[in-house]
Amino acid sequence: MNPSFFRLLLCAAVSVLVVAHANADTTVHSIDQVRGAIKNPDARAAFDREMSGAALPDGFGVQLPPGFSKNLLAAQLAPGSDPARVILAGAKPWPQRPGWYVAVVCLAVAPVPQDLKNPASSCDGFSDSQDKQIWFGVFERSGDAAPRLIARTEEAVAVATDWGATNIDTPQAIGSDDGKGPATGLPDNWQRFDLAPYLLRDGDYAFGVRAGWFEGYAGGGASFEALYLFHIDGKALRVVFAQPMLFDKMIAGDWHKDGTRSHDVSYGSNALSVLPAMHSGFHDLQLREQHGKWRQTLRWSDGTKSYQVQ
């Protein structure tokens, strides 16, 4: 079963980022009823795209804008790297900053076969999360001039998503077997840019990246998604937020006499809001359960240069 079957593409609003209907939990008689159990129209549209087998949108901008190339991105974002290790290179205009572009390069630990039939659209690696490194950056380009690097991640991104204070279900691979270990983990895959207007302070925006996990079950599977926010700090591009946003599960149940099989369908999601209140010059952020009561406020910490749960 294709893991992407379970991934949902999200729709961003201007100030509140809407993902999917929250904490849905239902049982359907057969797999062909799963679509009807997904009530959110954006999630249903994503389900339709996955089921049709149609190509997914170019979330990382691998169809590069004029002036950008795979070699340029590798050299600028991961200096000294071998271009033959590039799995994916992408760039997209940053709507909140005209003339600026967000960019990514994903590297394998060894040279990538050049005869791959399907170019990568996400940074998944080849066998596990240790097989890839991902770097991000911001460029400026005006007219026909060459892109100018504004800021980049100073090393391959290795900031874990924090599942320690969330209402979103946790992937089995995160945390320890006894449940006492830290509930943090690096994504299995990096999926796409999220270019909603994340205004952290006046005139100072962050951009988002969606990352995910997938786990398969006998007769079903689950996907989980997190949001990473990147903020420019001088010439450095830093992760300032890494929180779970979404999960969805489809678990096979009892067989019926007509040959169909029940499926338990559950999914939950949060929205991220930029609040008017500020601390240390940065707007507070709030995660809130879609159509639910759960809330979590995050405030800027000068010590960590990132948002921390309150």
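From a predicted model like this one, the values you see are computed outputs, not experimental measurements.

Basis of the calculations
Residues numbered from 1 in each chain as written. Predicted model: local features only at pLDDT ≥ 70, side-chain atom pairs only at ≥ 80, totals over all residues. Heavy atoms only, no water. Helix = DSSP H or I, 4+ residues; strand = E, 2+ residues; numbered from the N terminus. Buried < 20%, exposed > 50% of the residue type's maximum accessible area, 1.4 Å probe, protein only. Contact = heavy atoms within 4.5 Å. Areas by Shrake-Rupley, 256 points an atom, 1.4 Å probe, with all protein chains shown as cover. Salt bridge = Lys/Arg side-chain N within 4 Å of Asp/Glu carboxyl O. Arc of directions from axis to C-beta. Polar contact = N/O pair within 3.5 Å; in protein donor to acceptor, adjacent residues only side chain to side chain. Phe/Tyr/Trp six-rings, centres within 6.5 Å; stacked < 30°, edge-to-face > 60°.

(A) View of the overall build of the protein. Looking only at helices and strands, the protein has three helices and 16 strands in total. For the protein, buried positions account for 48% of its 310 residues. Taking contacts inside the protein between residues at least 6 apart in sequence as the whole, the part at least 24 apart equals 59%. When the accessible surface of the protein is summed, it comes to about 14500 Å², and 50% of that surface belongs to carbon and sulfur atoms.

(B) Spotlight on the pattern of salt bridges. Taken as a whole and assessed by the stated rule, the structure comprises 10 salt bridges. Across the salt bridge formed by Asp-204 and Arg-97, the nearest N and O atoms sit 3.6 Å from each other. Of this pair, Asp-204 sits in strand S10 (residues 204-217) while Arg-97 is found in the loop between strand S3 (86-93) and strand S4 (100-108), placing the two residues 107 residues apart along the sequence. Residue class for Arg-97 comes out buried when judged on its relative accessible area of 17%.

(C) Region of the structure containing helix H3 (residues 70-77). If you check which residues of H3 are buried, you get Leu-73, Ala-74 and Leu-77. All buried residues of H3 project into a common sector of 100° when viewed along the axis, lining one side. Looking at the buried side of H3, the elements it contacts are S3, S4, strand S5 (132-140) and strand S6 (148-152).

(D) Expanded view of the environment of Ser-69. Along the chain, Ser-69 falls in the loop between helix H2 (41-52) and H3. Sequence-wise, Ser-69 and Gly-90 are 21 residues apart; in three dimensions their C-alpha atoms are separated by 8.5 Å. A distance of 3.1 Å separates a polar atom in the side chain of Ser-69 from the backbone nitrogen of Leu-72.

(E) Geometry of the packing of aromatic side chains. Within the structure shown, the criterion is met by 15 aromatic pairs. Centroid distance Trp-94 to Phe-207: 5.5 Å. Interplanar angle 80°. Geometry classified as edge-to-face. Of this pair, Trp-94 sits in the loop between S3 and S4 while Phe-207 sits in strand S10, placing them 113 residues apart in sequence. For Phe-207, a relative accessible area of 0% corresponds to the buried category. When the centroid spacing of 5.4 Å and the interplanar angle of 15° are considered together, the rings of Phe-207 and Phe-230 count as stacked.

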